[in-house]
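# Residue-level structural notes
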Amino acid sequence: QVHLVESGGGLVAAGGSLTLSCAASGRSFSFDNRAMGWFRQAPGKEREFVGGMSRGAYYTGYADFVQGRFTISKNNVKNTMELQMNSLKPEDTAVYSCAAANNYRSLSEGELDYWGQGTQVTVSS
């Protein structure tokens, strides 16, 4: 059984920064063996892809709305993935979840193998 657990959410003023972390547990699960990424869902809206890394982190891609404000990285020692978010806007308010898929295309299209419960990010204006 694989579990993805997010942390680091909270309340921040517009223009501020937050770093989310995703920890994985489960026998034989490795960030290197999966495409990993982040999704978000705001109240009343569809879940949307934020960004992600291919297997082995050879490629990292982001949704257009990110506009260079977010950075996804991996910590192999801690076996975690992070989402550094800068210049946050009120429209970034959502529940952010990490997810794993077989490959980057599947990840970006929402064809997920595993995903976490999410952490709330609220950006005040």
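Structure report, in brief. (Residues numbered from 1 in each chain as written. Predicted model: local features only at pLDDT ≥ 70, side-chain atom pairs only at ≥ 80, totals over all residues. Heavy atoms only, no water.)

### Observations concerning the side chain of Ser97
The condition that has to hold: Strands here are runs of E lasting at least two residues and helices are runs of H or I lasting at least four, both read from the DSSP assignment and numbered beginning at the N terminus. Only protein chains enter the accessibility calculation, which uses a 1.4 Å probe. A residue is then buried if its area is under 20% of the maximum for its type, exposed if over 50%, and partly exposed in between. Contacts between residues were defined by any pair of non-hydrogen atoms, one from each residue, lying within 4.5 Å.
Within the element layout of this structure, Ser97 appears in strand 9 (residues 94-101). Using a relative accessible area of 16% as the deciding quantity, one classes Ser97 as buried. Apart from the residues within four sequence positions on either side, Ser97 is in contact with Glu6, Gly37, Trp38, Phe39, Gly116, Gln117 and Gly118.

### Details of the nonpolar core
So the rule is basically this: The nonpolar core is taken to be a set of buried Ala, Val, Leu, Ile, Met, Phe, Trp, Tyr and Cys residues, with the residues joined through side-chain atoms within 4.5 Å.
Formed by 28 residues in total, the largest nonpolar core has its most connected members in Leu4, Trp38, Met81, Leu83, Met85 and Tyr96. Those elements giving two or more residues to this core turn out to be strand 3 (18-25), strand 4 (35-41), strand 5 (48-53), strand 7 (70-75), strand 8 (80-85), strand 9 and strand 11 (119-124). The residues touching Tyr96, leaving out its near neighbours within four places in the chain, are Glu6, Leu20, Trp38, Phe39, Arg40, Val50, Phe70, Leu83, Met85, Gly118, Thr119 and Val121.

### A look at the state of the cysteines
Operational definition: By convention in this document, the label disulfide applies to cysteine sulfur atom pairs within 2.5 Å.
Summed over all chains, the structure comprises one disulfide. Paired by a disulfide, Cys22 and Cys98 hold their sulfur atoms 2.0 Å apart. The disulfide joining Cys22 to Cys98 has a torsion of about 60 degrees about its S-S bond and is therefore right-handed. Of the two residues, Cys22 sits in strand 3 while Cys98 sits in strand 9, which places them 76 residues apart along the sequence. In this structure, Cys22 and Cys98 share a single accessibility class: buried.

### A look at the pairing of strand 5
Put simply, the rule reads: Two strands qualify as a pair provided DSSP detects at least 2 bridges between them.
For strand 5, the tally of buried residues reaches five of six residues, placing the bulk of the element in the interior. Across five bridges, the pairing between strand 4 and strand 5 is antiparallel. Residue pairing for strand 5: Phe39 is matched across the bridge by Phe49. What sits between the antiparallel neighbours strand 4 and strand 5 is a turn of six residues, in which Gly44 has the positive phi angle 75 degrees. Summarising the sheet, strand 5 and strand 6 (residues 60-62) pair through three bridges and their orientation is antiparallel. Residue pairing in the sheet places Gly52 in a bridge with Gly61 of strand 6. Counting the residues in the hairpin turn of strand 5 and strand 6 gives six residues, including Gly56, whose phi is positive at 70 degrees.

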